[in-house]
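Architecture at a glance
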Amino acid sequence: MNPNKALWEKGDFTQIAATMRESGAALVGQLGITQGLSVLDLGCGDGTTAIPEAKLGATVLGVDIARNLVDAGNRRASAEGLTNCTFQEGDASDLTDLSDQSFDLVVSMFGAMFAPRPFDVAKEMVRVTRPGGRIVMGNWIPGDPTLVAQVLKISSAYTPPPPEGFLSPMLWGIESHVTERFEKAGIATENITFLRDTFTFNAPYSPSEFFNTFKTYYGPTMNAFEAAESNGKAQELDQALDALFTSQNKSTDTHVTSIPATFLRVTVQC
């Protein structure tokens, strides 16, 4: 199996996505979506941004590599009565079944950044966007002190080194790398803009329980624990991540989680 597909079908990312709904809807509300706009939501998960886009009247196609998340997204759209939102399997680095210049807006929040072959990802996103359309990406930032970057950083210390030639998905959080990738795809530098933004994870349970959700359902964290277990370091990893989640919580109620995470928002004018 494609290792990226295996990673995201592992566990159940919908459990984490449930804590991202409010920020997903808030971000979509800033994108100027109007009735009938054609939107591709790439690396869509179960619809954290795709569902709000459809609720604003866009015609939305959600594409994700994980079959379980595609199925979950279609169930959510059906439950919401959204006939203008469908989900299908696909690889962000090879969108061969999607036509050139077929979307007004391509959105990828923490999705396409994890696909292999980042230059192909940029090329494909540009290819399927209409002239005058936009691409909006949300990417975690390497070394950032907030939650997700730190989870991935701590976890990486317990996992085997990646294969030769591997490009870290976190490079999508560095402006110069993003610029290079979109320039190679034919976008002028002045049409690529950046800003630091915040996505907040909200959950009606404690930070320790939220950490356990990552440990149980988030593919990269699950892999880290499997590797740490084999090295006798699982307890050490457990303590480090539990302390991280607790220290990052901004809620004054210890039984409620509210953790903001900084990301790089990329906007590309095509």
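Conventions adopted
- Residues numbered from 1 in each chain as written.
- Predicted model: local features only at pLDDT ≥ 70, side-chain atom pairs only at ≥ 80, totals over all residues.
- Heavy atoms only, no water.
- Phe/Tyr/Trp six-rings, centres within 6.5 Å; stacked < 30°, edge-to-face > 60°.
- Helix = DSSP H or I, 4+ residues; strand = E, 2+ residues; numbered from the N terminus.
- Buried < 20%, exposed > 50% of the residue type's maximum accessible area, 1.4 Å probe, protein only.
- Lys, Arg positive; Asp, Glu negative; His and termini not counted.
- Salt bridge = Lys/Arg side-chain N within 4 Å of Asp/Glu carboxyl O.
- Polar contact = N/O pair within 3.5 Å; in protein donor to acceptor, adjacent residues only side chain to side chain.
- Contact = heavy atoms within 4.5 Å.
- 1 Å grid on protein atoms, 1.4 Å probe; cavity = no way out; pocket = protein on both sides within 12 Å on 5 of 7 lines; lining within 4 Å.
- Points joined across faces, edges and corners; volume = space filled by probe spheres on them.
- Nonpolar A, V, L, I, M, F, W, Y, C, P; charged D, E, K, R; others polar.
- Core = buried A, V, L, I, M, F, W, Y, C linked by side-chain atoms within 4.5 Å.
- Disulfide = S-S within 2.5 Å.
- Pairing = 2+ DSSP bridges.
- Axes fitted to C-alpha atoms, helices over the stretch in contact; angles between N-to-C directions.
- UniProt positions renumbered as here; feature names shortened; annotations may be inferred.
- Right-handed = clockwise from strand over helix to strand, strands pointing away.

Counted under the stated rule, the structure contains 20 aromatic pairs. When the centroid spacing of 3.9 Å and the interplanar angle of 5° are considered together, the rings of Phe110 and Trp140 count as stacked. You can see Phe110 sitting in the loop between strand 4 (103–109) and helix 6 (118–128) and its partner Trp140 sitting in strand 5 (residues 129–140), a full 30 residues away along the chain. With relative accessibility at 11%, the residue Phe110 sits in the buried group.

Mapped onto the fold, Asp64 is located in strand 2 (residues 59–64). For the buried Asp64, no salt bridge exists, and the shortest N-O distance to an oppositely charged side chain is 7.9 Å, to Lys5. Within polar-contact distance, the side chain of Asp64 engages the backbone nitrogen of Cys44 at 3.2 Å. The residues touching Asp64, leaving out its near neighbours within four places in the chain, are Gly43, Cys44, Gly45, Leu69, Val70, Gln88, Glu89 and Gly90.

For the rest of this paragraph, the subject is the layout of surface pockets. Space inside the largest pocket adds up to approximately 1,100 Å³. Lining the largest pocket are 34 residues; nearest its centre among them are Leu7, Phe114, Pro162, Phe166 and Pro169. At the level of elements, helix 1 (3–9), helix 7 (147–156) and helix 10 (219–230) are the ones that each hand at least two residues to the lining of the largest pocket. Within the lining of the largest pocket, the residues separate by chemical class into 22 nonpolar, eight polar and four charged.

In this section: empty space enclosed by the protein. Using the criterion set out here, one finds one cavity of 30 Å³ or more in the structure. Taken as a whole, the largest cavity encloses approximately 470 Å³ of empty space. Lining the largest cavity are 33 residues, with Gly43, Asp64, Met109, Phe110 and Gly111 sitting closest to its centre. Elements that contribute at least two residues to the lining of the largest cavity include exactly helix 1, helix 2 (14–17), strand 1 (38–42), strand 2 and strand 6 (192–203). Each residue belonging to the lining of the largest cavity can be placed in one class, and the counts come to 22 nonpolar, seven polar and four charged.

Ranked by internal contacts, the top residues of the largest apolar core, which has 89 residues, are Trp140 and Phe182. Excluding residues that lie within four positions of it along the chain, Trp140 makes contacts with Phe110, Met113, Phe114, Val148, Met170, Gly173, Phe199, Phe201, Ala261, Thr262 and Phe263.

The next subject is the state of the cysteines. Across all of its chains, the model carries zero disulfides by this definition. Cys44 takes part in no disulfide bond, and the closest cysteine sulfur to it belongs to Cys85, at a distance of 8.1 Å. Classification of Cys44 as buried rests on a relative accessible area of 4%.

For the rest of this paragraph, the subject is the pattern of salt bridges. Tallied over the full model, the rule gives 13 salt bridges. The residue Glu89 makes a salt bridge to Lys5 at a minimum N-O spacing of 2.5 Å. A residue pair is termed long-range when its members are at least 10 positions apart, and Glu89 in strand 3 (residues 85–89) and Lys5 in helix 1 qualify at 84 residues. Take Glu89: its relative accessible area is 30%, and that puts it in the partly exposed class.

Turning our attention to the sheet that holds strand 7 (residues 257–269). Read from one edge to the other, the open sheet built from seven strands follows the order 3-2-1-4-5-7-6, with strand pairing classed as mixed. Looking at which strands have only one partner, the edges of the open sheet turn out to be strand 3 and strand 6. This sheet shows a mean twist of 20° between the axes of neighbouring strands, independent of strand direction. Pairing of strand 1 with strand 4 involves three bridges; the strand directions are parallel. The partner of Val39 across the bridge, within strand 4, is Leu105. Taken strand by strand, helix 8 (residues 175–184) contacts strand 5, strand 6 and strand 7, and its axis lies near 120° from that of strand 6.

Turning to the UniProt feature "domain: Methyltransferase type" (unreviewed entry) in the protein, a few remarks are in order. The positions that UniProt labels "domain: Methyltransferase type" (unreviewed entry) are, in the present scheme, residues 40–137. Helix makes up 31% of residues 40–137 and strand 31%, whereas the separation of the span's terminal C-alpha atoms amounts to 12 Å.

With that settled, consider the pairing of strand 4. Most of strand 4 sits inside the fold, with six of its seven residues counted as buried. Crossover connection from strand 4 via helix 6 to parallel strand 5: handedness right-handed.

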